[in-house]
Amino acid sequence: MMSSTEELLKRLGVSIDAGTLRLALTHRSYAYENGGIPTNERLEFLGDSILGFSVTDALYRDNPDLPEGDLAKRRSAVVSTRALAGIGRSLGIGDYIYLGQGEKLTQGKNKASILADTMEALIGATYVSNDIETARQLVMRLIGPLLKDAAALGAGTDWKTSIQELAASRQLGTIHYAVDGSGPDHARTFTAVLHVGGTAYGKGSGHSKKEAEQEAAADAWRVLSGAAPAAEASSSAGSVPAS
C-alpha cells in the first residue's frame with residue numbers, strides 16, 4: 001500500500017472523499033482479517049451498473065446502424081474482467097488495494113478479478129462522492145479508447161471461442177496452446193503460445209493459464225482477422241515450435 005492516494009486520484013482525474021476511497025480499495029480478504037469491516041463490494045455493485053449504463057449509452061448513440069446483438073457484444077468486450085483489469089494495471093491500482101495476507105502472498109494485486117472489481121468500486125465511489133455525470137465522464141475516459149478498438153470489439157470477450165470459430169470457418173486446422181509457467185508458486189507467471197494448424201499465431205501472458213491463453217487467443221485473432229500484419233504475428237508468437 002502506497003502511503004498517499006493523491007497520485008491515484010490524479011491518475012483517475014476525480015476527487016473522492018477519503019473514507020469512500022478507502023472503502024473502494026478495501027478487498028474482502030483485508031476486511032475479514034480486520035474484524036469484518038465493510039468491504040468494497042457494495043460500491044462495486046453500484047459501479048458495475050454505472051459502467052454498464054455509460055457504455056451502453058455511448059454505443060447506442062455512436063453506432064446508430066448496429067443491431068442489438070452487435071451492440072451487446074461490444075459492450076461485453078469493454079466491460080469484461082479482462083478489459084477492466086488491463087485498465088487497472090495501466091493505472092497501477094494494485095499498489096493501493098487493501099489486501100489480506102493470503103492475497104498479498106499470492107500477488108492478489110495483479111489478479112484480474114481483484115483489479116476489475118476494484119475498478120468498478122472506484123467508479124461507484126466517484127458517483128457517491130460527486131454525481132452521476134462525473135462518474136460517467138470517468139467511465140468514458142477509461143473505456144473510450146477501448147470503444148474505438150474495432151478489432152477487439154469484433155471478437156467480444158471469449159477470445160478462445162472466437163479463434164476457434166475463425167479457424168474452423170477457414171479450415172485452418174486444429175488449435176493447440178503451449179503453456180509454460182515460471183516463478184515461485186506464490187507469484188507464478190504463465191506464457192502461452194497459440195498454434196493453428198501447426199503454425200504459431202499468437203502469444204500471451206498472465207497470472208493464470210486461462211488468462212495467458214485468452215491473451216494468446218486475442219493476439220492470434222487480431223492476426224488472422226487482418227487487424228495485425230502477419231510479420232508482426234511471427235514476431236509476437238516467437239519461435240516456439242508447433243506441437
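For the structure, see preceding data.
Numbers given for residues are sequential positions, taken from 1 along each chain in its written order. A pLDDT threshold of at least 70 governs which residues receive local features in this predicted model, and a stricter bar of 80 or more applies before side-chain atom pairs are shown or counted, although totals over entire chains, interfaces and linings include all residues. No hydrogens and no water enter the side-chain calculation; it runs on all heavy atoms of the structure.

### Section: the overall build of the protein
Quick note on the threshold: To qualify as a helix, a DSSP run of H or I must reach at least 4 residues; to qualify as a strand, a run of E must reach at least 2; elements of each kind are numbered from the N terminus. The classification of residues rests on relative accessible area computed with a 1.4 Å probe and restricted to protein chains. Under 20% of the type maximum is buried, over 50% is exposed, and intermediate values are partly exposed. It only takes one pair of heavy atoms within 4.5 Å for two residues to be counted as in contact. Areas reported as accessible are Shrake-Rupley estimates using a 1.4 Å probe. Residue values count occlusion only from the protein chains shown.
A count of helices and strands for the protein gives 13 helices and three strands. Relative to its 243 residues, the protein shows a buried fraction of 42%. Look at the contacts in the protein between residues 6 or more apart in sequence, and 57% of them connect residues 24 or more apart. For the protein, the accessible surface area stands at approximately 12300 Å², while carbon and sulfur atoms represent 50% of it.

### Remarks on the pattern of salt bridges
Definition in use: Salt bridge, as used here: a side-chain nitrogen of Lys or Arg that lies within 4 Å of a carboxyl oxygen of Asp or Glu.
Taken as a whole, this structure holds nine salt bridges when the rule is applied. Among the ionic pairs, Arg11 bridges to Glu7, the shortest N-O distance being 3.3 Å. With Arg11 and Glu7 both in helix α1 (residues 6-12) and four residues apart, this pair spans about one turn of that helix. A residue is classified by how much of its surface remains accessible, and Arg11, at 34% relative accessible area, is partly exposed. For Glu41, the salt bridge goes to Arg28, with nearest N and O atoms at 3.3 Å. In this pair, Glu41 is assigned in helix α4 (residues 41-62) and Arg28 in helix α3 (residues 28-33), connecting sequence segments 13 residues apart. Overall, Glu41 belongs to the partly exposed group, its relative accessible area being 35%.

### So, the packing of helix α6 (residues 81-91) against helix α9 (residues 132-147)
Our working rule: For helices, the axis comes from a line fit to the C-alpha atoms of the stretch in contact; other axes are also lines fit to C-alpha atoms, and the angle between any two N-to-C directions lies between 0 and 180 degrees. An angle below 35 degrees is treated as roughly parallel, one above 145 as roughly antiparallel, one from 65 to 115 as roughly perpendicular, and anything else as oblique. Left-handed describes a crossing whose near helix is turned anticlockwise from the far helix by less than a right angle; the clockwise case is right-handed. Put simply, Ala, Val, Leu, Ile, Met, Phe, Trp, Tyr, Cys and Pro go in the nonpolar bin, Asp, Glu, Lys and Arg in the charged bin, and everything else, Gly too, in the polar bin.
It is the contact of α6 with α9, at a shortest axis distance of 11 Å, that shows an interaxial angle of 120°. If you check the angle between α6 and α9, you find them oblique. α6 and α9 meet at a crossing whose hand is right-handed. For the pair formed by α6 and α9, the contact residues are Ala83, Leu84, Ile87 and Leu91 on the first element and Leu142, Ile143 and Leu146 on the second. A per-class count over the contact of α6 with α9 returns seven nonpolar, no polar and no charged.

### Here's the deal with the environment of Arg11
The spacing of Arg11 and Ser90 is 79 residues in sequence and 9.9 Å in space, taken between C-alpha atoms. Those residues in contact with Arg11, other than ones at most four positions away along the chain, are Leu91, Gly92 and Tyr96.

### Focus on helix α8 (residues 112-129)
This is how the line gets drawn: Helix span is expected to be 1.5 Å times the residue number reduced by one.
For α8, which comprises 18 residues, the first-to-last C-alpha distance of 26 Å matches the rise-based estimate of 26 Å (1.5 Å per residue) to within 8%. Burial runs high along α8: 13 of the 18 residues are buried.

### Overview of the pairing of strand β2 (residues 189-196)
Keep this limit in mind: The criterion for strand pairing is that DSSP finds at least two bridges linking the strands in question.
Of all eight residues in β2, six are buried; the element is thus mostly enclosed. Looking at chain direction, strand β1 (residues 175-182) and β2 are connected through eight bridges and run antiparallel. Across the sheet, the residue bridging to Ala178 is Val193, located in β2.

### A short note on the side chain of Glu44
For clarity, the threshold we go by: Charge assignment: positive for Lys and Arg, negative for Asp and Glu; neither His nor the chain ends contribute.
For Glu44, the location among the structural elements is in helix α4. For the buried Glu44, which has no salt bridge, the nearest side chain bearing the opposite charge is Arg28, at an N-O separation of 5.9 Å. Residues contacting Glu44, with those up to four places away along its chain left out, are Asp117, Glu120 and Ala121.

### Remarks on the packing of α4 against α9
Their axes nearest at 9 Å, the elements α4 and α9 cross at an angle of 65°. The two elements α4 and α9 meet at a crossing, and its hand is right-handed. Residues Ile50, Leu51, Ser54, Val55, Ala58 and Leu59 of α4 lie in contact with α9, whose contacting residues are Ile132, Ala135, Arg136, Val139, Met140, Ile143 and Leu147. When its residues are assigned to classes, the contact of α4 with α9 shows eleven nonpolar, one polar and one charged.

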